[in-house]
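Residues per chain are reported as follows:
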Amino acid sequence: MLNIERETPFLIDAGNTFVKVAVKEEGGFKFALKIETETVKKGNFPFKGKVAVVSSVVPSIEEVIKSNFEKVFFVSAHLPLPLKLDYKTPETLGADRIAAACGFLDYGSNGIVVLAGTAVVIDVVKDGIFQGGAILPGTSLMAKVLGRFTEQLPEVEGFLNEYPGKSTAESIMSGIGLALAGAVDRALKIADLNDSPVVLAGGYAEDLRKMLGYGIVDEFLIFRGLWNIYRWNKKGGA
Ligand SMILES: Nc1ncnc2c1ncn2[C@@H]1O[C@H](COP(=O)(O)OP(=O)(O)OP(=O)(O)O)[C@@H](O)[C@H]1O
Ligand SMILES: CC(C)(CO)[C@@H](O)C(=O)NCCC(=O)O
């Protein structure tokens, strides 16, 4: 159980590319810091505070974060959570997926959560229960792999909502776009959640939403979840 009644915590989303810090204020959430994960790996984390609630998918930087706060609570399947996890290996489930699903509860009990980051995650919440989902390479991972493991393909940046691509670069960017948007469309269909909210977060959530033509972008989704988890524990899992 979190024992953090005394102070409002800092909320930290430690991802594979960026570490982001936010705080909850009366008007909503506010970003306090965004720093490259590689920088934190070298021991630099220019932020100190009393209490932090952390979603980390980068175990190698957890000690650095820990050393900057008096108390740090890492989200995992072992914490009391406002939603149940229907996952065969909860101990290996990404803390960002847990936090995002807990944030999704502000939108309802059924729907799809998309995290568009280093890796892309497309998760399902049904009847307020985390059901699992899909993990795909993100835009730059797809581009890197194609560029590095072929002789003729360049390493592109970004993705395109266009098909067919009319050049090599366009064809790759089109492929990445089709892969991501197509995966979300298909996940929605298979999960039979066509009328439920699709909430997107992560570095290119807005571009992906434009491509899909539907969905809600919530750049604070993971922080919303961290806050919901904090409150849940503060009041004893009620
Ligand atoms: N507009 C964009 N178009 C395409 N790719 C992008 C865009 N913005 C960021 N990216 C890619 O997204 C990734 C970073 O995603 P994000 O900003 O969500 O970081 P993160 O929080 O560290 O992600 P994660 O938590 O998944 O590790 C990088 O691989 C970057 O190249
Ligand atoms: C899939 C990522 C990389 C997305 O950030 C993260 O959630 C993670 O490291 N997950 C661990 C594997 C799992 O969630 O089952």
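About the cut-offs
Residues numbered from 1 in each chain as written. Chains lettered and ligands numbered in written order. Predicted model: local features only at pLDDT ≥ 70, side-chain atom pairs only at ≥ 80, totals over all residues. Heavy atoms only, no water. Near = heavy atom within 4 Å. Polar contact = N/O pair within 3.5 Å; in protein donor to acceptor, adjacent residues only side chain to side chain. Areas by Shrake-Rupley, 256 points an atom, 1.4 Å probe, with all protein chains shown as cover. Nonpolar A, V, L, I, M, F, W, Y, C, P; charged D, E, K, R; others polar. UniProt positions renumbered as here; feature names shortened; annotations may be inferred. Helix = DSSP H or I, 4+ residues; strand = E, 2+ residues; numbered from the N terminus. Contact = heavy atoms within 4.5 Å. Buried < 20%, exposed > 50% of the residue type's maximum accessible area, 1.4 Å probe, protein only. Pairing = 2+ DSSP bridges. Axes fitted to C-alpha atoms, helices over the stretch in contact; angles between N-to-C directions.

A. The site of ligand 2, seen in detail. By nearness alone, every residue bordering ligand 2 is listed as Asn16, Val57, Tyr87, Thr92, Leu93, Gly94, Asp96, Arg97, Val121 and Ile135. In this structure, an oxygen atom belonging to ligand 2 sits 2.8 Å away from a side-chain N or O atom of Arg97. Relative to its unbound accessible area of 390 Å², ligand 2 is 76% covered by the protein chains. When the residues that make up the shell around ligand 2 are grouped by side-chain class, the tally is five nonpolar, three polar and two charged.

B. Examining the UniProt feature "binding site: substrate" (unreviewed entry) in the protein more closely. The sites that UniProt annotates as "binding site: substrate" (unreviewed entry) are Tyr87, Gly94, Ala95, Asp96, Arg97 and Thr168. What stands out for the annotated residues spanning 82 residues is how far apart their C-alpha atoms range, the widest pair being 39.8 Å apart. With respect to the helices and strands, Ala95 occurs in helix 3 (residues 95-104). Apart from residues lying up to four places away in sequence, Ala95 is in contact with Ser55, Ser56, Val57 and Val75. Mapped onto the elements of the fold, Arg97 is located in helix 3. Relative accessible area serves as the criterion here: at 5%, Arg97 is assigned to the buried category. Not counting the four nearest positions on each side in its chain, Arg97 is found in contact with Tyr87, Leu115, Val121, Asp123, Phe130, Gly132, Gly133, Ala134 and Ile135.

C. Seen up close, the pairing of strand 1 (residues 10-14). Burial analysis of strand 1 places four of its five residues in the buried class, which makes it a mostly covered element. Direction of pairing for strand 1 relative to strand 4 (residues 49-56): parallel, over a ladder of five bridges. Across the sheet, the residue bridging to Asp13 is Ser55, located in strand 4. Of the strand pairs in this sheet, strand 1 and strand 2 (residues 18-25) are connected by four bridges, and their pairing is antiparallel. Across the sheet, Ile12 pairs through a bridge with Val21, a residue of strand 2. In textbook terms, the turn of a hairpin is the stretch between consecutive antiparallel strands, and for strand 1 and strand 2 this stretch comprises three residues.

D. A look at the sheet that holds strand 4. Taken in spatial order, the five strands of this open sheet run 3-2-1-4-5, and their pairing is mixed. Whereas interior strands pair on both sides, the edge strands pair on one side only; in this sheet they are strand 3 (28-36) and strand 5 (69-74). When strand polarity is set aside, the average angle formed by the axes of neighbouring strands in this sheet is 25°. Strand contacts of helix 7 (residues 221-234): strand 1, strand 2, strand 3 and strand 4, with the helix running at about 130° to strand 1, the strand carrying the most contacts.

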